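# Per-entry structural report
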Amino acid sequence: MKLQHLIATGILAVATAGVGYYAYPHLLRAPLVTTSIAGLAPVSEAVYGTGTVEPERWAKVVPLQRRRLVELCRCEGQVVKAGQVLGRQDDAEERSALDQMEINRGQLERDLARAEKDRDKSDAARTDYEQRWTKLEETKSRIAAQKVRLDSLLLRAPLDGMVLRRDGEVGEIAGPTDVLFWVGPPAPMQVVAEINEEEINRIATGQKAFLRSEAFPGRALRATVSQITPKGDPTRKTFRVYLRLPQDTPLRIGMSAEVNIIFREKQAAIVVPAEAVAAGSVQMVDDGRIKRVPVTVGIRGNRNIEILGDISKGTSVLSPARTDLAEGARIRIDSNSAKVVEPAPTSEPTDQPAGTPESVAVASATTAPSDPDDAVISAAMTAHIDSVVNDARRNLISNSR
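Description of the structure in this document. All values reported here derive from a predicted model rather than from experimental measurement.

## Remarks on the overall build of the protein
- A count of helices and strands for the protein gives four helices and 22 strands.
- When each of the 401 residues of the protein is scored for burial, the buried share is 39%.
- Element-wise, carbon and sulfur atoms account for 52% of the exposed surface of the protein, whose accessible area totals about 22800 Å².

Structure (structure tokens):
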């Protein structure tokens, strides 16, 4: 019995030693945290939308009747004048009817000339003359109307400009729903964008915008808000916004573009990763311990946000925030995790993030400091992600109802 007691005591001692060996590094040592360094960088907020490049003045050419096409000019890219004929629909029936009317008019004119000689001889002659004159005038009216019908089968340029595009081929049947030509001056150009109705109140004429096009990756394309359509689309819940493009834009008519309209910005602000802010405060590191510092959130980005409070550039803050750790708790910092929130190198493309995405500020100054407009391009790009997330969240809420 004594031997069994000794064995049980030994086993308990070994177990206690094992638990102590395990608990010391896991329970008694300070918890390991990751940090980021607050940086000074330009910040901005942008409203995201999508749009299409169009001329400021242009018009579609559509047939008024559904007929077969017998002529179409090969004039894409050519300058045309208003009223110039671009194509023609089949008008054989109308021309045959017009020829018949012209023959009938000739006969009526000859009959009227004979009746005119005798119209003063009697009342019957005068009546006959008046009837023939009436028939001739009616025929002239029908001929004029027939010529209008013939003219409606001609496809004319609606304004001076360039033939931007031509669709359709000779022999096809086209009607009022078919656009055969786009005509207009190729410049100036604009982007017609659709903006969600809940964000339209942030948009105003004169605001600058940055565009992103898959045709020109790595380039910061600029535009300016020139007009906002007063009435929105209640079905799509969007408003139409027009953005004027500069003369030297590389975009072409018909291209699609992502639009980031800057409505709020600062050239210099203290920024930290969004995950570092929790419950209206950040946790800074003070002599190996946590110190909670209340802050006010300013301009928000997807990854980083502006903070207003007793935090200066170079301050180390927990990222992500550790709400499970109390004020004054001792911590250990993962030396491989500290990231500095600062502007990206000037050699990088103006609309692409730095090599380490986590280190990009709300709006990184990715171009030379002498060009402050480009300092907000990274924030404009993150606005796209914000918008996608918000849209997905709204769709999830609406589908769950």
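Once the structure has been displayed, the description carries forward.
## Focus: the sheet that holds strand E4 (residues 59-61)
- With respect to topology, four strands assemble into an open sheet ordered E4-E11-E9-E6, the strand pairing being antiparallel. The sheet is open, and its two borders are formed by E4 and strand E6 (79-80), each paired with just one other strand.
- Bridge count between strand E9 (residues 161-166) and strand E11 (residues 181-184): four bridges; the pairing is antiparallel. Note that in E11 the partner of Arg166 across the bridge is Phe181.

## Focus on the pattern of salt bridges
- In this structure the tally under the stated criterion is 21 salt bridges.
- The closest approach of N and O atoms between Glu45 and Arg264, which form a salt bridge, is 2.9 Å. Separated by 219 residues along the polypeptide, Glu45 in strand E3 (residues 39-55) and Arg264 in strand E16 (residues 256-273) bring together distant segments of the chain.
- A relative accessible area of 38% means that Arg264 is categorised as partly exposed.
- Each of the salt bridges in this network shares a partner with another, and the network as a whole consists of Glu71, Arg88, Asp91 and Arg95.

## A closer look at the side chain of Glu45
- Glu45 gets classed as buried once you look at its relative accessible area, which sits at 14%.
- Not counting residues up to four positions away in its chain, the partners in contact with Glu45 are Ile261, Ile262, Phe263, Arg264, Ile299 and Arg300.

## Side note on the sheet that holds strand E7 (residues 85-89)
- Taken together, four strands build an open sheet; the order of strands is E8-E7-E5-E10 and the sheet is antiparallel. Across the chains shown, the open sheet's two edge strands, defined by having one partner strand only, are strand E8 (154-156) and strand E10 (173-174).
- Taken together, the three bridges between E7 and E8 define a ladder with antiparallel strand orientation. Residue pairing in the sheet places Arg88 in a bridge with Leu154 of E8.

## Quick look at the nonpolar core
- Among the nonpolar cores identified, the biggest contains 21 residues, and Leu211, Val241, Leu243, Leu245 and Ile261 are the most heavily contacted of them.
- Within the residue set of this core, elements represented by two or more residues are E3, strand E12 (189-196), strand E13 (208-212), strand E14 (221-228), strand E15 (238-244) and E16.
- Looking at this core element by element, the count peaks at four residues for E12.
- Ignoring anything within four residues of it in the chain, the contact list for Leu243 reads Met189, Gln190, Val191, Ala193, Ala209, Ala223, Thr224, Val225, Ser226, Val259 and Ile261.
- Counting residues in each nonpolar core, the second largest holds 15 residues, with Leu69, Cys75, Val80 and Leu159 among its members.

## Some details on the state of the cysteines
- In this structure the tally under the stated criterion is one disulfide.
- Residue pairing for Cys73: its cysteine sulfur links by disulfide to Cys75, the two sulfurs lying 1.9 Å apart. Of the two residues, Cys73 and Cys75, both sit in the buried class.

## Things to note about unusual backbone geometry
- At the junction of Ala187 and Pro188, the peptide bond is cis and its omega measures out at 0° in the coordinates.
- Turning to its location among the elements, Pro188 is positioned in the loop between E11 and E12.
- Residues Ser319 and Pro320 are joined by a peptide bond in cis, for which omega reads 5°.
- Within the secondary structure layout, Pro320 lies in the loop between strand E20 (316-318) and strand E21 (332-333).
- The backbone of Lys237 sits at a positive phi, close to 60°, despite the residue not being glycine.

## Structural notes on helix H3 (residues 123-152)
- Taking 1.5 Å as the rise per residue, H3 with 30 residues should run 44 Å; its terminal C-alpha atoms sit 44 Å apart, in good agreement.
- Taken together, the buried positions of H3 are Ala125, Tyr129, Leu136, Thr139, Ile143, Gln146, Leu150 and Ser152.
- The inward-facing, buried residues of H3 abut E7, helix H2 (92-118) and E8.

## A closer look at the environment of Gly77
- Here Gly77 lies in the loop between strand E5 (67-72) and E6.
- Separated by 89 residues in the primary sequence, Gly77 and Arg166 place their C-alpha atoms 9.5 Å from one another.
- For Gly77, the residues in contact, after removing those within four places along its chain, are Met162 and Val163.

## Some points on the packing of H2 against H3
- One can describe the packing of H2 onto H3 by two numbers: an axis separation of 9 Å at closest approach and a directional angle of 160°. When the interaxial angle is binned, H2 and H3 end up roughly antiparallel. Handedness of the crossing formed by H2 with H3: left-handed.

## Observations concerning H2
- Look at H2: 40 Å from first C-alpha to last across 27 residues, which is about the 39 Å you get at 1.5 Å a residue.
- Within H2, the full set of buried residues consists of Glu94, Leu98, Met101, Gly106, Leu108, Asp111, Leu112 and Ala115.
- Buried residues along H2 sit against E5 and H3.

## Here we look at the pairing of E12
- In terms of residue burial, E12 counts as a mostly covered element, since seven of its eight residues are buried.
- As paired strands, E12 and E15 are joined by seven bridges and run antiparallel to one another. By the bridge assignment, Gln190 is partnered in E15 with Arg244.

Cut-offs and rules
- Residues numbered from 1 in each chain as written.
- Predicted model: local features only at pLDDT ≥ 70, side-chain atom pairs only at ≥ 80, totals over all residues.
- Heavy atoms only, no water.
- Helix = DSSP H or I, 4+ residues; strand = E, 2+ residues; numbered from the N terminus.
- Buried < 20%, exposed > 50% of the residue type's maximum accessible area, 1.4 Å probe, protein only.
- Areas by Shrake-Rupley, 256 points an atom, 1.4 Å probe, with all protein chains shown as cover.
- Pairing = 2+ DSSP bridges.
- Salt bridge = Lys/Arg side-chain N within 4 Å of Asp/Glu carboxyl O.
- Contact = heavy atoms within 4.5 Å.
- Core = buried A, V, L, I, M, F, W, Y, C linked by side-chain atoms within 4.5 Å.
- Disulfide = S-S within 2.5 Å.
- Expected span 1.5 Å × (residues − 1).
- Axes fitted to C-alpha atoms, helices over the stretch in contact; angles between N-to-C directions.
- Parallel < 35°, antiparallel > 145°, perpendicular 65-115°, else oblique.
- Left-handed = near helix turned anticlockwise from the far one by under 90°.

None of the figures reported here should be taken as evidence of function without further support.
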